[in-house]
Amino acid sequence: MIRVGAYREDGTPGPGILAEVELDAEVTGPAELWSPEVTVRDERGGALFDDSGGTDLAVEPAAGGGPLAEAGAERRARAFGVGNTAYRAQRLLRSAARLLGRPLPHLTVRIGAHDSPVRWGGGHYRLPGEAEPAEPYRISWAGEVHLGGGDAYLPGPSVGSYFHAPAHDAAVVCHEVGHHVCRHTADFKVNRLRPPDGQHSGKNALDEGTADFLTAMQLGTPDIHGWHRGHVPPWDQRRRGLDRCWTMAHLRPGRGGQTHANGTVWASALWSAHQAVREGGGESDRFVAMLLRGLVRLGSGTGAEAAGQFTAAALAEERKRRNQFSSLLREMTAADPALAPVVLAAMARHGIHPEGSNRALRERALAAALPEAAAAALPG
Amino acid sequence: MRDLSTAKWSHVTRGVTAPGRCRLGGLATPHRPGDLVVAGVDRVGGGGRLEDTHGRRVRLRTGDLVVGACGNRYATDSYEGYHRPGPRAHLLTSGGVIGTAVSWHTGCTAPTELTILGALAGEDDRPLSLDRFARPAPPPPAERPRVLAVVGSSMNAGKTTTAAGLLTGWARAGLVPGAAKVTGTGSGKDRWAYLDAGARHVTDFLDFGMPSTFGYPVERLLAAMTAMRDALAHDGAGAIVLELADGLLQHETRTLTAALPEVCDGVVLAVGDALAASAGVDLLSALGVRVLAVSGLVTAGPLAAREAAAVTGLPVLSPARLADGAAVELLAGPVALATAGGR
């Protein structure tokens, strides 16, 4: 066990409460922490932990560091980022493993990735295979989270500005770790049937929405991106707040669709269903377990994989099946039939039903939102 | 007494408070640079437009009344003009600087001809000058934000575009950008460019009582440069760009540039080609100025940009590259960015 500095969730838009936390991990490099679930490494070089004595690592976030910080503050901020990321990732992965009854494959997190020639303020989850931008790393078969070093300043938790280093932002870390959970449960891109070095790193709306919901569970707030998307009004889908009633009518299908924004439809429906379960006396964990087991069922379901059909057409069909909101909802209700009535009712308020394609559900939701006469005039 | 309600109030009058109470005064005393005057349009020339106080480019017609300010102009690609006492004058800028043009670029047409009818007077019938509406110099701020300056090899070398790139980069990074046009001739064009680029606070020499800086004592310009920087800091800017007009060979620009090490943290040089980059860096080095990067029109061509990088040993950063993150890096000091490319 070591002690690291980290932000604990406090339910408010912001990085959280600064705390020293126990972490089941060890220092395995000048900028690397290893734990059974996750390895976190700052790829920008330098010795981040050399003044810590090995077991008590940096607790000071140094306002995120950044290009305007002096060298010592930047080093402290990076060290904090490694510890904070390891803390957030381990918590989510352990929670998922407990509810799934099995551990997930070991995750690698690289911080400061893709920071050249332009600073990067985001994060992504990558599998071995073609990617844009191209990966300078040999990607682990199990998947990797890459976090940029940050590219912008935000209002800080106290007075002054804070350099938004993604490793300091629990929402960014948890969201990307959420994709790791999805990859090894639902496997939305059917990567298990692809060559090991030809994996697909793309995400669909269910993947994005599930990652956002798991983040909300970790942070205890539906306004998961309230800190770094605080400038986006809560009524805007791009804020990705889960406590709004985004319905299938808000889905933007096709290539012009915004996957993250579409994901909020699924994420907000999950949040509503979770709230309904809680209000009925159920526990959060039970609902999250229902979701995780539904994801597993979807990823090992009845399609091409189960039938042993590995043709391109069969794979495409299976991928399409795993894109449908209704498919995942069906698997969730099958995973915990006792919770099904309350979950189905909550999901229905978002226009999500256990039958029908995404397009059909969207048209149904749009028709329901229109005055009766206008709905009757719609074709079909 | 002529009614000024139909007069076209130029950009340089934007600081005049209660224009509705102003009136046409007499011609008793010779005007000086900065004095506000009312003129009639005798013949429309130049671009045929006047930029009003809101930024609209108003069409000029013969017989129009124009309210502007006396001043000089130094523009190698446009008019060279001077303040001359007397009733005959030219419109030296669409922003409303009035003086006598003595030469102009072959690409320009003859300027709009004016007859000065009298001073712009206040309610007390006393003639008004821009000095009356000038912002007082603020005290130095307790904590000075990071400040960069943009200087160039010549007019139209890409200085304002470079400054805009810095401002956009800072705005995108969540900083509060401020911009000052330290020298030049009264026109809203650069002001709008700064605001469009993301500047939250903008000031210029007009706010400090000068319609055009050409011909003003260098001591006053030096004081104004510091005052503009401090004013932006007081307004709340967290990162500031100071743009100096014209080329480094212009007398006032060169003198102010020599003072930049005391005023800012580094300089970005905007140039049109590699030879200008080389000469500009040498000149700035001789003045003891720290050049952080080269930018401007030279970055439009990858080959020219590489040439400039090779000859100066400095990063050559396009305005787009500045906007895409390099602007923040420059605030931190010299950067090892050798190409003009983006991600």
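Analysis parameters
- Residues numbered from 1 in each chain as written.
- Chains lettered and ligands numbered in written order.
- Predicted model: local features only at pLDDT ≥ 70, side-chain atom pairs only at ≥ 80, totals over all residues.
- Heavy atoms only, no water.
- Core = buried A, V, L, I, M, F, W, Y, C linked by side-chain atoms within 4.5 Å.
- Buried < 20%, exposed > 50% of the residue type's maximum accessible area, 1.4 Å probe, protein only.
- Helix = DSSP H or I, 4+ residues; strand = E, 2+ residues; numbered from the N terminus.
- Pairing = 2+ DSSP bridges.
- Axes fitted to C-alpha atoms, helices over the stretch in contact; angles between N-to-C directions.
- Contact = heavy atoms within 4.5 Å.
- Salt bridge = Lys/Arg side-chain N within 4 Å of Asp/Glu carboxyl O.
- Expected span 1.5 Å × (residues − 1).
- Domains from an automatic or database assignment.
- Buried area = accessible area lost by both parts, 1.4 Å probe.
- Polar contact = N/O pair within 3.5 Å; in protein donor to acceptor, adjacent residues only side chain to side chain.

Looking up chain B in an unreviewed UniProt entry gives the name DUF1611 domain-containing protein, with the organism given as Streptomyces albireticuli.

Caption draft 1: A look at the nonpolar core. In terms of nonpolar packing, the biggest core is built from 83 residues, with Leu33, Trp266, Phe287, Phe325, Val343 and Ile352 of chain A touching the most fellow members. If you tally residues by element for this core, the top one is helix H1 (residues 71-100) of chain A, at 10 residues.

Caption draft 2: Representation of the sheet that holds strand E8 (residues 144-147) of chain A. All names here are of chain A. Overall, mixed pairing links the six strands, which are arranged E3-E4-E5-E6-E8-E7 in an open sheet. Looking at strand neighbours, the two that pair on one side only are strand E3 (26-29) and strand E7 (123-126), the edges of this open sheet. Averaged over all pairs of adjacent strands, the angle between their axes in this sheet comes to 20°, without regard to strand direction. Note: strand E4 (residues 32-34) against strand E5 (residues 38-42), three bridges, orientation antiparallel. Bridge pairing in E5 links Leu33 to Val40. Running over the sheet, helix H2 (residues 170-183) touches strand E6 (107-111), E7 and E8 and is turned about 15° from E7.

Caption draft 3: The arrangement of the pairing of strand E6 (residues 65-70) of chain B in detail. All names here are of chain B. With respect to burial, E6 is a largely interior element, six of its six residues being buried. Taken together, the five bridges between strand E3 (residues 36-43) and E6 define a ladder with antiparallel strand orientation. Among the inter-strand pairings, Gly40 is bridged to a residue of E6, identified as Leu65. For E6 and strand E10 (residues 97-104), the ladder comprises two bridges, and the chain directions are parallel. Bridging from a neighbouring strand, Cys70 pairs with Ile98 of E10.

Caption draft 4: Spatial organisation of the pattern of salt bridges. Residue and element names in this part refer to chain A. Summed over the entire model, instances satisfying the criterion amount to 42 salt bridges over all chains. Between Arg88 and Glu9 there is a salt bridge whose closest N-O contact spans 3.0 Å. Taken as a pair, Arg88 in helix H1 and Glu9 in the loop between strand E1 (2-8) and strand E2 (17-23) lie far apart in primary sequence, 79 residues in all. Take Arg88: its relative accessible area is 1%, and that puts it in the buried class. A relative accessible area of 29% means that Glu9 is categorised as partly exposed. For Asp212, the salt bridge identified is with Arg240, shortest N-O distance 3.0 Å. Here Asp212, found in helix H3 (residues 205-219), pairs with Arg240, found in the loop between H3 and helix H4 (259-279); they are 28 residues apart in sequence, far enough to count as distant.

Caption draft 5: Spatial organisation of unusual backbone geometry. The backbone of Asp187 of chain A sits at a positive phi, close to 50°, despite the residue not being glycine. Along the chain, the position of Asp187 of chain A falls in the loop between H2 and H3. The class of Asp187 of chain A is buried, set by a relative accessible area of 1%. One non-glycine residue with positive phi stands out, namely Asp246 of chain B, at about 60°. The exposure class of Asp246 of chain B is buried, given its relative accessible area of 13%.

Caption draft 6: Geometry of helix H5 (residues 284-299) of chain A. With 16 residues, H5 of chain A ought to run about 22 Å at 1.5 Å a step, and its terminal C-alpha atoms sit 23 Å apart, in line with that. Considered for burial, the residues of H5 of chain A that qualify are Phe287, Val288, Ala289, Met290, Leu291, Leu292, Gly294, Leu295, Leu298 and Gly299 of chain A.

Caption draft 7: Just the domain arrangement of chain B, in detail. All names here are of chain B. The domains assigned to chain B are domain 1 (8-132) and domain 2 (146-332). Centre-to-centre, using C-alpha coordinates, domain 1 lies 28 Å away from domain 2. Taken together, the contacts link 25 residues of domain 1 with 23 residues of domain 2. For the pairing of domain 1 and domain 2, the buried interface totals around 1800 Å² over both sides, and the portion due to carbon and sulfur atoms is 57%. Counting across the domain 1 and domain 2 interface gives three salt bridges.

Caption draft 8: Representation of the interface of chain B and chain A. In this complex, chain B contributes 14 residues to the contact, which on the side of chain A involves 10 residues. Linking chain B with chain A are one salt bridge, by the criterion used here. Where chain B meets chain A, there are three residue pairs in polar contact (both at pLDDT 80 or more). Among the elements that take part in the side of chain B that touches chain A, helix H8 (residues 319-332) of chain B stands out by supplying six residues, more than any other.

Caption draft 9: How the structure looks around the sheet that holds strand E16 (residues 266-270) of chain B. All names here are of chain B. Taken in spatial order, the six strands make up an open sheet running E14-E13-E15-E12-E16-E17, and their pairing is parallel. Each edge of the sheet is formed by a strand with only one pairing partner; in this case those strands are strand E14 (201-204) and strand E17 (291-295). Adjacent strand axes in the sheet meet at a mean angle of 20° when their direction is disregarded. Across six bridges, the pairing between strand E12 (residues 146-152) and strand E15 (residues 239-247) is parallel. Looking at E15, one finds that Val150 is bridged to Glu243. Along the sheet, helix H1 (residues 159-172) makes contact with E12, strand E13 (177-181), E15, E16 and E17, crossing E15 at roughly 175°. Running at roughly 155° to E16, helix H6 (residues 274-286) makes contact with E12, E16 and E17 of the sheet.

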